[in-house]
Structure formats: structure tokens, C-alpha cells
Amino acid sequence: TVDSACEINEKVASMESFRARTEDGDILTTNQGLKISDDSNSLKAGVRGSTLLEDFILREKITHFDHERIPERVVHARGAGAYGFFQVYNSLANITKAKFLQDPKKKTPVFVRFSTVGGFRGSADTVRDVRGFATKFYTEDGNFDIVGNNMPIFFIQDAIKFPDLIHSVKPEPHNEIPQAQSGHDNFYDFITQQPEAAHMLMWVNSDRGIPRSYANMEGFGIHTFRLINEQGVSRFVKFHWKPYLGVHSLTADDAGKLVGKDPDFHRRQLWESIASGAFPEWELGLQIVEAEDEFKFDFDILDPTKLIPEELVPVIRVGRLVLNRNPDNYFAETEQVAFCIANIVPGIDFSDDPLMQGRIFSYLDTQITRLGGPNFQEIPINRPVCPFLKNNQRDGLHRDTINVGQTNYHKNTLNAGLPKEATPAAGFQGFPERIAANIVRARSPSFDDHFSQAILFWTSLSSWEQDHLVDSFTGEMAHCQPAIRERLVRLLLNINESLSNRVALNVGVKIDPMPYHTAPPKPVTPSPALSQRNQSK
Ligand code: HEM
């Protein structure tokens, strides 16, 4: 259990027996246990004051209040969460040794947090934005997090651009306008210079950018991951969440009105549906690509701006996620939960997607600031359900665990050598991928085709969905300068002439038919570095 995993020393254990004997558990006390008989009046020199510095009860109460706020997430600050469980339909032992995917009878507890990306913690739910869909599986092998979004792709191909992307999305720094929408000069200045973002721009400006509810959203792990079975065979995988209620969106008009009339629309709907027993459900879907098929597509499966069309690789539904319990305390649970793409378990591994590689660093790093030091794993919502903290990491802000004994270093001979390393079979082993390449600061040419899937997306829409996309780009451009409007129109010309012309007409741009990129998209061939990589079995 969690408690046995935390080493509580004998002194604390003996204190616990005293604690059981205390009476009057419902009486108001200070943080030190002193009973308070007047919580409405401060200590004064005479009834008309002044107030005395000596009033430690007043000072304790105000001091604690003064420190109640912590930094909000640097992105995805606005969110709502819920508990539930995940259950696999059939054992997936043939493709992964992940323990929570073996037994159809086992229910793995989960916590899910949905979010918008750009807005502040207090911003409105129904703005046009990407939605986060982060799931923490509390497995017997440790926490596994799918930190995904409601769209299957992302804006950029390399994590080194992420700070620029987010700076441009967030309110402009001189006047903090606009508060929670992407339609402004900075964002469109940045993004129209990133042809790799064309595909994602289409998704965000489609009706997917204004979901009807969280329960009406798909979720995607986006990056290509690996699944590894007991025999060490690796396959590539994309994770999907498919909602039982189907995918539905608001109209842009309703979404805009709700921003004013009910900014909590999505979180209220989640809360009320769970409270009334109408539990939201999703199925976990997998797209599996055999290792030898890594290069069989006309895009690179490591490129996070590309999806794998379901016509090419079907989504196999392997289990269900049910959200059935609201949190007790928003701050303690939903605000303090710490998702991290690096939280993986044996049987699941990373790929070389360069966006994913940056994320592996970023989450733990930001949480050290956001959650006040390196010990946030001890916060109840973040604790694994298996033994954890069994290592020689010590001290730091907010350390609750009382480690006992003389030694705090690995390979000590003085303390019966605890904790010991696991055997190779029991411990986490990264996939032994073979690399033969020069170190370069570059991008693979196999990431170069920025428009084919954006075109695919446009042509997959019905005519009224296309109308909505045109309307959205038009609305977004309302806040942008003419030069940026023109750049967007040029970018769209690479995707569809009618789309570009309609937006141009709506926003008053006159443009010669010169696309942003004059060269036609190149056919994709694996870079030398990619083709030299062999799959170890
Ligand atoms: C937070 C998804 C790219 C850095 C989040 C959250 C989600 C998410 C869902 C909110 C988690 C929660 O509910 O607490 C994604 C997806 C990405 C992506 C799907 C691309 C496929 C990146 C990149 C970076 C990054 C490239 C940095 C290099 C962060 C940070 C947070 C965050 C710093 C705040 C975490 C916290 O304070 O707990 N992301 N993200 N993300 N993301 Fe990402």
C-alpha cells in the first residue's frame, strides 16, 4: 500500500497512538491544535483597537491565506478532472507486457484531466482551442500517463519551437490582450511562418476546436509510441480514445455566447453527469504498425504533424475507460495532479519523435516549480498504488516521508543494502534501439510534406463543415493586421484555392495566386539516418 511504501519511523507511529486519544474532533483549532473560541474578532488594545501584533491566531490565519495560490500550469491551466477505471477487453499479451493490459477482469484506477491550452485557470471553457485529455493509470508497475489532446496531430515538429508557439498563443505581453483566444497578431504572425502547422491549423479552426462536451471528444496520444511484448518484440502504436457518445461540437455562435453566460459549461457538464450517474465512457483504440512497416507510408510516423489514416491502419478497440467519481477537492486533486509523458511502464516505450523527446524533459521540470519542489510525487493524487520512493533521493522542499537509518546512498553495506535493484526481467528496460547516425541539429527531409494531410482534412469535410472552417478563419483574422491576413491566405492557398479565396474575400485581402510554398510537395523518402536504423528484436 502507499502507507507501507512511505517509511514512517517509530517516533511518528507512537505519536499516532496519542492522536487516537484526542477528543472534540469537530472543534475549530489553530494549525498547532489550539482550540479557538472566537474566530471572528482579532485581539485588540481596547474594543476600538488597535489590533495587537501578539494575535498569533489572526496572523496564522492570514498568513496561510496569503500563501494559498500556486502558479497555474504554464499551458493547459484551465481544466477539470475525474476519477474512474480502465478495463481491457482481452489480454494484449501478444503485443505488450504492460501489466494493466493483460487481464480483462482487472480494473485499473485512473484520474483524467481535460483542459484548454491557452487560457488562464479562470478562463472560459468554450473558447476555440485544442483540448487536453490527460489520463493517469495507477498500475501495479507504477503510473502510466497518456498526456494527449482531442486532435490527432500537433502544430510543430520539434519541441525546440514549443516556447515560441506558446508565447505566441498566450495574450500579448505588453497589454495581456486577448485573454483566451488564439485570434490575434502574435499567434498568426508566428503560425503563418510555420508551414508545418498547416494541418493543425485546419483542425483547430474546424468544429473540433469547440467541443460540445468533454464526453463528446476523441482523445489522441498523438506521438507514435512503442509496445513491447515479453519476447522483446517492438511494434509502433498510436493511442486513441473513442467516446461512446460520439464526437459533437458546439456552433461557433453558441460557443461564443456560453463564454459569457456559462464559462463553466464543460466542467459543470462533466461534474453533473458523473454526480447523476451518467458516467462518461471512452474506448481505448490502438493503431499498430509492425516494426518492418516503419517506412511504408508516404509520411514519417515520427512526425507529430501527421496522423495515420484509419483507412491504412484501422483503430482496434481494446478496452474501456469509465469516469465515475468526482474529486472531493479541486485544488488537492485536479490542480495538483502532475501528468508526465515520461511516466511509462514496462511494455510501453517512446519513439524518436522530436516533439515527444522534448516533452520527456519538460513536464517533471515545470512541476518542480508549479508544485513547490522535487517532492510532489508524495501529494496523494500523484502517488502510485505500488511501492514507490524506494530510492536514495532525499530531502528538498515539502518532503513528507521520514526515511530512517544511517545510509542514503546506493550500494551501501551498512544497512542491509536496501533498497536493491530489480532483476533485469522485473525492472524497466528501455527498448534497445540501434542508432547509426551523425549528430546534427537538423530536421529529417521525411518531415517535409506539410500540406498533403491538410488537403486530405479539407476534402474529408462536408460542405457545411467547410463553411464553418471558412467562418472561423474569417473571425480569427478580424483581430489581425492586413499583412498577417495576407500571409494566412497564402498559406491556405497550398491547401485549397476555394478555401483561400473565400477567406481572402471575407477579410479584404487581394492576392495573386502565388502559394506560400512555390515548390510542389516532395515525395517522402526516409533520410539516411532513418533508413540506417535497424530494429532489434
Ligand atoms: C501540459 C498535452 C506538447 C509542455 C499539458 C497538458 C496536456 C498536454 C494534456 C495538461 C496536463 C494536465 O491536465 O495537467 C500536450 C500534447 C502535446 C504537448 C498532446 C503535443 C503532442 C508539449 C511540448 C512541451 C509541453 C512540446 C514542451 C516542450 C507542457 C507543460 C505543461 C503541459 C510544461 C504543464 C504541465 C504541468 O504544469 O503539470 N500538455 N503537450 N507540451 N505541457 Fe504539453
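Residues numbered from 1 in each chain as written. Predicted model: local features only at pLDDT ≥ 70, side-chain atom pairs only at ≥ 80, totals over all residues.

The name given to the protein chain in an unreviewed UniProt entry is Catalase, with the source organism recorded as Hypsibius exemplaris. The annotation that UniProt attaches to the protein chain under Cofactor (unreviewed entry) is "heme". Check the Sequence similarities (unreviewed entry) section of the UniProt entry for the protein chain; it says "Belongs to the catalase family." (UniProt positions renumbered as here; feature names shortened; annotations may be inferred.)

A. Spotlight on the overall build of the protein chain. The helix and strand tally for the protein chain stands at 15 helices and ten strands. Relative to the 2.2 N^0.38 estimate, which gives 24 Å for 537 residues, the radius of gyration of the protein chain is 26 Å and therefore close to what a compact globule would have. C-alpha extents for the protein chain along the principal axes are approximately 80 × 70 × 45 Å. Here the protein chain holds 537 residues, and 37% of them are scored as buried. For the protein chain, contacts bridging at least 24 residues in sequence account for 74% of all contacts bridging at least 6. (Helix = DSSP H or I, 4+ residues; strand = E, 2+ residues; numbered from the N terminus. Rg over C-alpha atoms; globule rule 2.2 N^0.38 Å. Buried ≥ 20, exposed ≤ 12 C-beta atoms within 10 Å, placed from the backbone. Contact = placed C-beta atoms within 7 Å.)

B. Representation of the site of the ligand within the structure. Taken together, 28 residues lie near the ligand, and Arg73, His76, Arg113, Gly132 and Ser362 sit nearest. When contributions to the shell around the ligand are tallied by element, the ones reaching two or more residues are strand E2 (108-116), strand E3 (131-139), strand E4 (142-149) and helix H10 (354-370). Ranked by residues supplied to the shell around the ligand, first place goes to H10 with eight residues. Broken down by class, the residue content of the shell around the ligand amounts to 14 nonpolar, ten polar and four charged. (Near = placed C-beta within 6 Å. Nonpolar A, V, L, I, M, F, W, Y, C, P; charged D, E, K, R; others polar.)

C. Representation of the UniProt feature "binding site: heme" (unreviewed entry) in the protein chain. UniProt records the feature "binding site: heme" (unreviewed entry) for Tyr363 in the present numbering. Examined against the element boundaries, tyrosine 363 turns out to sit in helix H10. Discounting residues that sit within four places of it in the chain, tyrosine 363 has contacts with Phe339, Cys340, Ile341 and Ala342.

D. View of the nonpolar core. Counting residues in each nonpolar core, the largest one holds 95 residues, and the members touching the most others are Ala198, Met200, Met202, Leu488, Leu492 and Ile495. Among residues more than four places away in sequence, those in contact with leucine 492 are Leu499, Ser500 and Val503. (Core = buried A, V, L, I, M, F, W, Y, C linked by C-beta atoms within 7 Å.)

E. Quick look at unusual backbone geometry. The omega angle of the peptide bond from glycine 49 to serine 50 is 10°, so this bond is cis rather than trans. Tracing the chain through its elements places serine 50 in the loop between helix H2 (10-19) and helix H3 (56-66). Of note in this structure, isoleucine 222 is not a glycine but carries a positive phi near 65°. Mapped onto the elements, isoleucine 222 comes out in the loop between strand E5 (219-220) and strand E6 (225-228). By the C-beta count within 10 Å, which is 24 here, isoleucine 222 ends up buried. One non-glycine residue with positive phi stands out, namely leucine 389, at about 60°. Counting through the fold element by element, leucine 389 comes out in the loop between H10 and helix H11 (452-460). Accessibility expressed as a C-beta count within 10 Å gives 19 for leucine 389, which makes it partly exposed.

F. Quick look at the pairing of E3. Counting buried residues along E3, nine of its nine residues qualify, which places the element largely inside the surrounding structure. Taking every second residue as pointing to the same face, both faces of E3 are buried, with Arg131, Phe133, Thr135, Phe137 and Thr139 on one and Gly132, Ala134, Lys136 and Tyr138 on the other. Looking at chain direction, E2 and E3 are connected through seven bridges and run antiparallel. For valine 110, the partnering residue across the bridge sits in E3 and is phenylalanine 137. One ladder, built from eight bridges, connects E3 with E4; its direction is antiparallel. Note that in E4 the partner of threonine 139 across the bridge is glycine 142. The antiparallel hairpin formed by E3 and E4 contains two residues in its connecting segment. (Pairing = 2+ DSSP bridges.)

G. Layout of the UniProt feature "active site" (unreviewed entry) in the protein chain. Under the local residue numbering, the UniProt record ascribes the feature "active site" (unreviewed entry) to His76 and Asn149. For the annotated residues, spread through 74 residues, the largest C-alpha to C-alpha distance comes to 10.5 Å, consistent with a single compact locus. For histidine 76, the position within the fold is in the loop between H3 and strand E1 (79-88). You can call histidine 76 buried: it has 23 C-beta atoms within 10 Å.

H. Up close: the packing of helix H12 (residues 463-477) against helix H14 (residues 497-507). Two elements in contact, H12 and H14, have axes separated by 9 Å at closest approach and are oriented at 40°. Taken together, H12 and H14 sit at an angle that is classed as oblique. Between H12 and H14 the crossing geometry is right-handed. The segment H12 lies against H14, with Val470, Phe473, Thr474 and Met477 engaging Leu499, Arg502, Val503, Asn506 and Val507. Class assignment of the residues belonging to the contact of H12 with H14 gives a composition of six nonpolar, two polar and one charged. (Axes fitted to C-alpha atoms, helices over the stretch in contact; angles between N-to-C directions. Parallel < 35°, antiparallel > 145°, perpendicular 65-115°, else oblique. Left-handed = near helix turned anticlockwise from the far one by under 90°.)

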